[in-house]
Amino acid sequence: MNMMACSPSTADMDAASRISLGDWSAPGDLARLFVQRMLEEQSSEETSIADLSKTAAFYGDDGEDDADTTVSHLDPAFEDRLDVERSPAVLGVDSAIAAIVLGDALERDVETLYELNHRTPTVVVNLPDVSLRSDVANALSVCAIAAEATVLSVATLRSLRASPGKVPRRSAVILDATSRAKSDRAALEDHAPTALSLGIPVLFLCTGGRSDLPETVRPRVDATLKFGGWTAPLLAVLLLAVTGKEIEVPDEDWIGATTLDDIRSSVSERRGAANSLHRLSKTVRDRLARVDALPALGDLAGYGEAQEIGLAMIADMAAYRAGRIEWTELDRGLVLSGPPGTGKTFYARAFSASAGLPLIATSLAHWQAQGHLGDCLAAMRASFAEAKAQAPSVLFIDELDSFGDRASFDHAHKDYGTQVVNGLLEQLDGVSDRAGVIVLGATNNIGRIDPAILRPGRLDRIVELRLPEPQELAGILRTCLGRELPDIDLMPAALAGRGGSGASAAGWVRRARGIARRAERDLTLDDLLAAIREGRTAPSAETLHRIAVHEAGHAAAAIALDLGQVHALSTSDFGGTTWLRPHREVMTHERAMKAIVQLLAGRAAETVVFGSPSAGAGGSASSDLARASHIAASMEVSWGLGASGPIWIAEINADPHALLNSVAQAGSITRLLRHAEAEAERLVRRHMRAINRCAEALIVSGYLEAKDVLDTLGEIERFGITSQECDEDAGRLCTA
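Note that the coordinates shown come from a computational prediction; the quantities given were computed from them, not determined experimentally.

Caption draft 1: Highlighting unusual backbone geometry. Note the cis peptide between Ala-391 and Pro-392, where omega equals 0°. Structurally, Pro-392 can be placed in the loop between α15 (373-389) and β8 (393-398). In this structure, Glu-399 takes a positive phi of about 55° despite not being glycine. Position of Glu-399 relative to the elements: it lies in the loop between β8 and α16 (414-428). On the basis of relative accessibility, which here comes to 40%, the residue Glu-399 falls in the partly exposed class. Positive phi values are uncommon outside glycine, yet Leu-485 reaches one of about 50°. Leu-485 sits in the buried class, given a relative accessible area of 10%.

Below, the structure written as structure tokens:
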């Protein structure tokens, strides 16, 4: 029953009267009455831990609970709050929140309130935050259970289990199900059946709903109480409870996005009602503004397939929220895998902002910081519970590889690590339990993640994030700059920072702003270039010319040999790059030779224009010479396409030094590469004018897209490679 739409029935009124709270009819009235009851209880007792009468059965201490009228195993922070002398006219923030959360949940489910006072229901109380468990337990005993009822202690449950006796007619049990520590779970499984056998109300404090309970208990649950989120009437009650002052709270959009942390950092008795409300409003609005300032996922540069997948998931989530599709039809999990700095966290923020969903960001390190294993698992469950409470929402788990793979755990840490991984699997499992919660994970090393985490139904969709290409990096810089340098071409900056990540771009912009700020002027492109280069000098004009000729030679050869589409050319502080999208073809002798000639065409272009090549074609394992040598070696010792004929000696990928095992093969490889280099020079000389035109354009812009490359090169004729035998025969020319 929705109390915002109608008044309670006679039975419901009777339930209210049994707890001496009168009646209610407007939204927030029951929360207000619960606060009133808490204030009455507070004023009638000394704020000493020994005098408080009714609370939950908490585990984690070896001490005995000697009586039903004592608090059992409360955490020190809770005791400290109770020991502080306070005006009887106000409540502590968490006490007020607990009473209001409970009042709101029961106002929307008055039938359960009636059951608690007249019958013997089993109820799950889903906490919005695990830190509220003591306060909610106290609010339950004071406000929701009949005033004359006794909340049985753990000691009483133990004694009843050992020797069953008569239970007071007006009794109830509150059990904590939030802990995941082994000892606490064992205690819960021990006490829950005893409590359920007594024929009295039993309430379980949870953060993950029924899934927190032992499997044998779950079918016995009659109702689940959940907080519906903050509203203007509830905030008004909160401010009254904490400050003692009545204040009108306008119904504004920001209120629904209020979190417990927002309230705890903003609302206090000393600050007063008006100032607390102002600070709370500003805190929430500022947080929302930071989200609103994020670019839409569709506007981000450099995310490729991840962007497409994310936009599809956002569209599906919109359809789910509109009721057009079921939750089971959605992709509910995505893992972002890539090197550090590729923008995985930024992606998660942009994803949630574009979807209009709250983002709960966490990590294993954050959970482990809460304490021992039980605390870690409780914090994990609390994060999922927070996401469920705010659903539809996005839960982002960073550093997913830190969970590890259970198969690789050493003996010393196996038990701990296994329980942590199992805890995550438990939270990821169950479509209905996390309906409306999209889980995004981020990792720098997908190979270190336990395969069970990546199985279907969990985080089964994986997308690779790579370092951005220059054009994408320019787009990222544009996003980071916002409204600054609006009419400036950022490609020179992107080329200067080639190989940088999205995180690198954000750092460059911060440093560039610092340069401009210290100079007391507006930001310039030179500031950005200085921040990127960090004292590194730009290449000389002669070096840029050589780089441009080299890349233009690669491009002309790729087209002449029909190897694929030239996607782009670029020059930068670190050299040049030719992006080629090769045709997918079966590897043959002809195809392999074309690939080698194209790889050597840049070096050949340098030789033709400058008289000799530079070392730019060699060096690293990804260089032109390394890749050409790899193909040539594979032809001779792996593929059966070389002078040695149909023979297999070794797999080059597994043993890159296999070609050194045989002098004969090494000689064949060298002859093949020299022949390919001669063919590359012949190709370059045939198209030298086109290569020079392309190089000149590349020097000016630093970056040429596919269309620009084709336009500057002009018509390129197909080139046929001569066979190695023909090359050695000076009197005859033929093609392979």
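From this point, the narrative continues.
Caption draft 2: Looking closely at the pattern of salt bridges. All told, the structure shown has 25 salt bridges when counted by the stated rule. Measuring nitrogen to oxygen at the nearest pair gives 3.2 Å for the salt bridge that ties Glu-426 to Arg-381. Of the two residues, Glu-426 is situated in helix α16 and Arg-381 in helix α15; the sequence distance between them amounts to 45 residues. Residue Glu-426 is classed as partly exposed on the basis of its relative accessible area, which comes to 31%. On the accessibility criterion, Arg-381 (2% relative accessible area) is buried. Note that Glu-534 and Arg-511 form a salt bridge whose closest N and O atoms lie 3.7 Å from each other. Of this pair, Glu-534 sits in the loop between α20 (525-533) and α21 (541-560) while Arg-511 sits in helix α19 (residues 502-518), and the two are 23 residues apart along the sequence. Using a relative accessible area of 57% as the deciding quantity, one classes Glu-534 as exposed. Overlapping salt bridges bring together Asp-94, Asp-261 and Arg-264 as one network.

Caption draft 3: Representation of the sheet that holds strand β7 (residues 359-363) in the model. The strand order β7-β8-β9-β6-β10 describes an open sheet built from 5 strands, whose pairing is parallel. If you trace the sheet from one side to the other, it starts and ends with β7 and β10 (462-464), each paired once. Neighbour-to-neighbour, the strand axes of the sheet open up by a mean angle of 20°, direction not taken into account. Relative to strand β9 (residues 437-443), β8 runs parallel, the two sharing 5 bridges. Directly across from Ser-393, in β9, lies its bridge partner Val-437.

Caption draft 4: Inspection of the environment of Gly-404 at higher detail. Here Gly-404 lies in the loop between β8 and α16. Since its relative accessible area comes to 8%, Gly-404 is described here as buried. C-alpha of Gly-404 to C-alpha of Thr-418: the two residues are 14 residues apart in sequence and 9.2 Å apart in space. When near neighbours in sequence (up to four residues on either side) are disregarded, Gly-404 contacts Phe-409, Val-421, Arg-448, Ile-449 and Asp-450.

Rules of the game
All residue numbers refer to positions counted from 1 along the written sequence of the respective chain. Selection of residues for local features in this predicted model requires a pLDDT of at least 70, selection of side-chain atom pairs for listing and counting requires 80 or more, and totals for whole chains, interfaces and linings are taken over all residues. Heavy atoms throughout the structure, all of them, feed into the side-chain values; hydrogens and water do not. For the purposes of this entry, the term helix denotes a DSSP run of H or I that reaches at least four residues, the term strand denotes a run of E that reaches at least two, and both are numbered from the N terminus. Exposure categories follow from relative accessible area, calculated using a 1.4 Å probe and restricted to protein chains: below 20% of the type maximum is buried, above 50% is exposed, and the middle band is partly exposed. Whenever Lys or Arg places a side-chain nitrogen within 4 Å of a carboxyl oxygen from Asp or Glu, that contact is recorded as a salt bridge. Strands are treated as partners if at least two bridges between them are detected by DSSP. Axis definition: a line fit to C-alpha positions, over the contact stretch in the case of helices; interaxial angles, taken between N-to-C directions, run 0 to 180 degrees. Between two residues, a contact is recorded if the distance between any of their heavy atoms is within 4.5 Å.

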